[in-house]
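Analysis of the macromolecular model
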Amino acid sequence: RNPPPPPRYGNLEDIDDDDDDDDDDDDGEYRDIFGDVFASSSKSSLSKLSLVKDEVELSPLARQNLKFEEIHRELDKRKGRLWEDSWVITEDEWTSTDTVDDMEDWNPNLATRKSLESVKVFDGGVPTLNQLSALPLPPQPPPHPGHGTPAIHAKHRKLHVRTRLRTAIQLAIHDDLLRILQMTEWRQKQEKVDELFEGIEEKVREREPILAKLPEFGELVERGLEDVLEMVQARMKGVGKKSEGEVRETTDSEVETNEEPTDRERLVDVMNVRGEPVVPIFMDLAAAAKQRSDTLSEFFSRSNEAGVPNLVYPLNVHHNEGVGRMVEEWELAANKETKRIMMREAIKDVAEKIVEATEGSDKGAARVMVVGKRGVGKTAALAGIVASARVSGHIVAYFPDGDRLRRYGYYVEPSSHREGLFDLPEIAKEFCTELSAAHGSDVGSMTASKERMQKFLTDGQIDRVFRRRDEASDGDASDAATEISLDKLLEIGSGSTSLSSGCYCAVIDVLMNQTEKPFTVAMDEFNCYYDHGHYTHMDFDPTAYTFMPLNKITIFKPFLEAMGLYPSVAGTNIVDESEGDTLMKWGSVIVAISDSKAVKTEFDNALVASARALAKTERSPVHVVDVRRFNPLEVQHILYNYEVTGVGRLRFDRGDTALNPEEVAYLRMVSGGLGQPLLNACMLP
């Protein structure tokens, strides 16, 4: 058995107490299992403990116990983040009679100068896809080791260590290297380089005391110095090169005369230590509507009733269910004149894939899948691509709420013209209305012939379409008898339940097979289309027990076939029934999966695996772009932006959060670098 713990204030038996009734005194005291002495409510017991502390010479063990008790009391006073507790309501606050109307109104001047100077907004509001693909943006952090990729994380950590050491090496040898470059004799240069190798380890040790504890620190520093010198030498060999756009070859006369470079600082700064740091950049949808009003349509220059810019139409505020929570940040911001989205490396990667496929003489199409953990910013990435594509002149069909579409189609009916397929007339009317409102003027010059329309409409339905067009135009002689413009076809589809599915499918078929304007399809919550079905019909299953896959529904079929993903495991029996090449001629299909919807993880994993398998195909591969958590620099700039736009507790704190490194580190820790938890954490005081 373990011996009992020692008393906290020495041995009570050694105390000379004037009270002879020891039994009464002992009755008021007891020890718990941790050895703590608790006094009873009697005054005699309290006075005895006081005498022990003040008059008795304590043993070393007792003094140690007193010290531990003092430490415990100090720790008990600390709460939360080891500083003041903002939830404590003072007496003045309890007795205050101030109301909400007495509170200070927010204004932009409340933001600190540091936040105002740090937040960088793209000039012009929203960049084009070409501009977005060329922006310098901070790199994404590596995948979290707990997400099943520890090897990738370990590789990144090793690279990070080497980069820090190279940066420390460059700073340590900067002045010496400049002097070496000014020398003319080779022997002098070699002697100075040897001196660098002799003293570099101690110099780097002073700059990186933590990394200096690595067992292989000396080898890493020596190898890093070699790498830095080789990079400087490589830059010296390219001395004849000027800035981009003015590149020329080094002439023979320059080689013979051994002309020295005029910008030695540029040659030495191989780690870009003295260059302009790469910081996150925000796109501003509200600013783009104003600054690009001459190139954007009137519709895209406005916002809806909820304040969401039409550049991301039909994205809207869904309080009960819907897409992400990106719009919630705009609702909570005090500044209603700006609607910002942080441009990240993942958005840049998507833009690069679109530009590679659609730019140049060989017009083609790109297929991209956006993946990532819940709340990491997939919806924001997709919305940013939609806005950038529309600014670039693309016709965009945007479906932000796949979970709603795959469940709430009101009713399903067999297609009147396409055997084995089914229509969702009400959803088709909605699609016609949205595409007509957003791009009616863009598709006005395109037409659909009767021959093409016969693939989706019966002869009687086609006659009704042309009759309605003639009635709307009062028999305008300029209207052709064998073809109809797409904008009028959308108007007719948006006003007729029986014609909506056929009209919409005809419009999509024309857009996917034309090369006049690039056509981009963006589908959020794409994994919901592969979940358990919600639509059934007796023509599909006489018992109505089996749910149909969504590629059996006419309005979804062209997009699912264009993406071409048929996972091994899905909620319905979805198989490839496409005929020939289903990918659009010019444009892109961008889809994003959602972890916030009730879709089995097994289905999600199978869908992503099928996309990664198609990434290896030579013709029109599927590019998988992983949106990862925010890096520390992005978290810092998000907090700057919250302060500038007046979000949550940063609205009036005047830099107490964004300029406090401990608070920033705390918010990054509790949010895990994810956007939604970070927004939640900034709501609380």
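Residues numbered from 1 in each chain as written. Predicted model: local features only at pLDDT ≥ 70, side-chain atom pairs only at ≥ 80, totals over all residues. Heavy atoms only, no water.

**So, the overall build of the protein**
- Along its length, the protein carries 26 helices and 13 strands.
- Taking the contacts inside the protein whose residues are at least 6 apart along the sequence as the reference set, 75% of them involve residues at least 24 apart. (Helix = DSSP H or I, 4+ residues; strand = E, 2+ residues; numbered from the N terminus. Contact = heavy atoms within 4.5 Å.)

**Some words on a positive patch on the surface**
- Positive charge collects at one region of the surface, where Lys155, Lys158, Arg162 and Arg223 lie side by side.
- The biggest single contributor to the positive patch is helix H7 (residues 150–182), with three residues.
- The residue arginine 162 is located in helix H7 in this model.
- Since its relative accessible area comes to 35%, arginine 162 is described here as partly exposed. (Patch = residues over 30% accessible without salt bridge, like charges linked within 9 Å, V, L, I, M, F, W, Y side chains within 5 Å. Areas by Shrake-Rupley, 256 points an atom, 1.4 Å probe, with all protein chains shown as cover. Salt bridge = Lys/Arg side-chain N within 4 Å of Asp/Glu carboxyl O. Lys, Arg positive; Asp, Glu negative; His and termini not counted. Charge placed at Lys NZ, Arg CZ, Asp CG, Glu CD. Buried < 20%, exposed > 50% of the residue type's maximum accessible area, 1.4 Å probe, protein only.)

**Here we look at the nonpolar core**
- With 66 residues, the main nonpolar core has Met369, Phe399, Met453, Tyr504, Phe526, Tyr529 and Phe556 as its most contacted residues.
- Once residues within four sequence positions are removed from consideration, methionine 369 is found in contact with Phe526, Met563, Leu565, Val591, Ile593, Leu607, Val608, Ala611, His623, Val624 and Val625. (Core = buried A, V, L, I, M, F, W, Y, C linked by side-chain atoms within 4.5 Å.)

**Examining the packing of aromatic side chains**
- Counted according to the given criterion, the structure contains nine aromatic pairs.
- Here phenylalanine 299 and phenylalanine 300 contribute two aromatic rings whose centre-to-centre distance is 5.6 Å and whose plane-to-plane angle is 65°, an arrangement assigned as edge-to-face.
- Through a chain of ring-to-ring contacts, the aromatic side chains of Phe399, Phe431, Tyr504 and Phe559 assemble into a single cluster. (Phe/Tyr/Trp six-rings, centres within 6.5 Å; stacked < 30°, edge-to-face > 60°.)

**Observations concerning helix H14 (residues 345–358)**
- Taking 1.5 Å of rise per residue, 14 residues should cover 20 Å, and H14 covers 20 Å from first to last C-alpha, within 8% of that figure.
- Within H14, the full set of buried residues consists of Ala346, Ile347, Lys348, Val350, Ala351, Ile354, Val355, Ala357 and Thr358.
- Where the residues of H14 are buried, they touch helix H6 (129–133), strand E4 (340–343), strand E5 (365–372), helix H15 (378–391), strand E12 (587–592) and strand E13 (622–627).
- After H14 finishes, the residue glycine 360 shows a positive phi value of roughly 95°. (Expected span 1.5 Å × (residues − 1).)

**Quick look at the pattern of salt bridges**
- Following the criterion strictly, the structure yields 27 salt bridges and no others.
- Put simply, glutamate 337 and lysine 290 hold a salt bridge, and the shortest N to O gap is 3.6 Å. Pair noted here: glutamate 337 is in the loop between helix H13 (326–332) and E4 and lysine 290 is in helix H12 (residues 285–291), with a separation of 47 residues, a long-range link.
- Using a relative accessible area of 55% as the deciding quantity, one classes glutamate 337 as exposed.
- Close ionic contact of aspartate 403 with arginine 407 constitutes a salt bridge, the shortest N to O distance being 2.8 Å.

**As for the packing of helix H17 (residues 425–439) against helix H21 (residues 497–512)**
- Closest axis-to-axis distance for the H17/H21 pair is 8 Å, and the angle between their directions is 50°. It follows that H17 is oblique to H21 by the angle criterion. Along this stretch, H17 crosses H21, giving a crossing that reads as left-handed. The residues of H21 that touch H17, namely those facing Pro425, Glu426, Ala428, Lys429, Phe431, Cys432 and Leu435, are Thr497, Ser500, Ser501, Tyr504, Val507, Ile508 and Leu511.
- Taken together, the residues that form the contact of H17 with H21 break down as nine nonpolar, three polar and two charged. (Axes fitted to C-alpha atoms, helices over the stretch in contact; angles between N-to-C directions. Parallel < 35°, antiparallel > 145°, perpendicular 65-115°, else oblique. Left-handed = near helix turned anticlockwise from the far one by under 90°. Nonpolar A, V, L, I, M, F, W, Y, C, P; charged D, E, K, R; others polar.)

**Focus on the packing of H7 against helix H8 (residues 186–207)**
- Where H7 meets H8, the axes come as close as 9 Å, and the angle between the chain directions of the two elements is 145°. Seen from above, H7 lies across H8 with right-handed handedness. Between H7 and H8, the contacting residues are Leu165, Ala168, Ile169, Leu171, Ala172, Ile173, Asp176 and Ile180 on the first element and Lys189, Lys192, Val193, Leu196, Ile200, Lys203, Val204 and Arg207 on the second.

**Topic: the side chain of serine 620**
- Turning to its location among the elements, serine 620 is positioned in the loop between helix H23 (601–614) and E13.
- Excluding anything up to four places from it in sequence, serine 620 contacts Arg367 and Leu583.

**Concerning a nonpolar patch on the surface**
- A cluster of nonpolar side chains, namely Phe68, Ile71 and Leu75, defines an oily patch on the protein surface of about 260 Å² accessible area.
- Position of isoleucine 71 relative to the elements: it lies in helix H3 (residues 60–77).

**A word on the sheet that holds E12**
- The five strands lie next to each other as E6-E11-E12-E5-E13, forming an open sheet whose pairing is parallel. Either end of the sheet is taken by a strand with one partner, and the two such strands are strand E6 (395–399) and E13. Strand-to-strand twist of the sheet, defined as the mean angle between neighbouring strand axes without regard to direction, takes the value 15°.
- Pairing between strand E11 (residues 519–523) and E12: five bridges, direction parallel. Bridge pairing links methionine 523 to valine 591 in E12. (Pairing = 2+ DSSP bridges.)

**Focus on the side chain of serine 610**
- Position of serine 610 among the secondary structure elements: in helix H23.
- Beyond its immediate stretch of four places on either side in the chain, serine 610 contacts Leu565 and Pro567.

**Quick word on the confidence of the model for the protein**
- Predicted confidence across the protein gives a mean pLDDT of 84, with 84% of residues reaching 70 or more.
- With pLDDT under 50 throughout, residues 8–51 is counted as low confidence; its partners more than four residues away or in other chains account for 49 contacts.
- Within the model, the stretch residues 239–262 combines pLDDT values under 50 with 12 contacts to residues more than four positions away or in other chains. (pLDDT = per-residue confidence, 0-100.)

**Thoughts on the environment of methionine 512**
- Examined against the element boundaries, methionine 512 turns out to sit in helix H21.
- On a C-alpha basis, the gap between methionine 512 and threonine 582 in space is 8.7 Å, while along the polypeptide they are 70 residues apart.
- For methionine 512, the residues in contact, after removing those within four places along its chain, are Phe519, Pro558, Ala562, Thr582, Met584 and Lys585.

**Focus: the pairing of E6**
- Within E6, five of the five residues are buried, which leaves the element mostly enclosed by the surrounding structure.
- Of the two faces of E6, both are covered, the one formed by Ile395, Ala397 and Phe399 as well as the one formed by Val396 and Tyr398.
- Where E6 meets E11, five bridges bridge the pair, whose relative direction is parallel. Directly across from isoleucine 395, in E11, lies its bridge partner phenylalanine 519.

**Remarks on H15**
- The end-to-end C-alpha distance of H15 is 20 Å, a good match for the 20 Å that 14 residues give at a rise of 1.5 Å each.
- Among the 14 residues of H15, 14 are classified as buried, and the element is accordingly described as predominantly covered.
- Where H15 terminates, the next one or two residues include glycine 393, which has phi positive at roughly 95°.

**Re a negative patch on the surface**
- The grouping of Glu216, Glu219, Glu222, Glu226 and Glu230 at the surface amounts to a negative patch.
- Within the element layout of this structure, glutamate 230 appears in helix H9 (residues 217–237).
- Judged by its relative accessible area of 49%, glutamate 230 falls in the partly exposed class.

**Regarding the pairing of E5**
- Where burial is concerned, most of E5 is hidden: eight out of the eight residues are buried.
- Burial of E5 is two-sided: the residues Ala365, Arg367, Met369 and Val371 facing one way and the residues Ala366, Val368, Val370 and Gly372 facing the other way are all buried.
- Strand direction decides the pairing type here: E5 and E12, joined by six bridges, are parallel. If you follow alanine 366 over to E12, its bridge partner there is serine 588.
- Here six bridges tie E5 to E13, and the two strands are oriented parallel to one another. The residue of E13 that forms the bridge with arginine 367 is valine 622.

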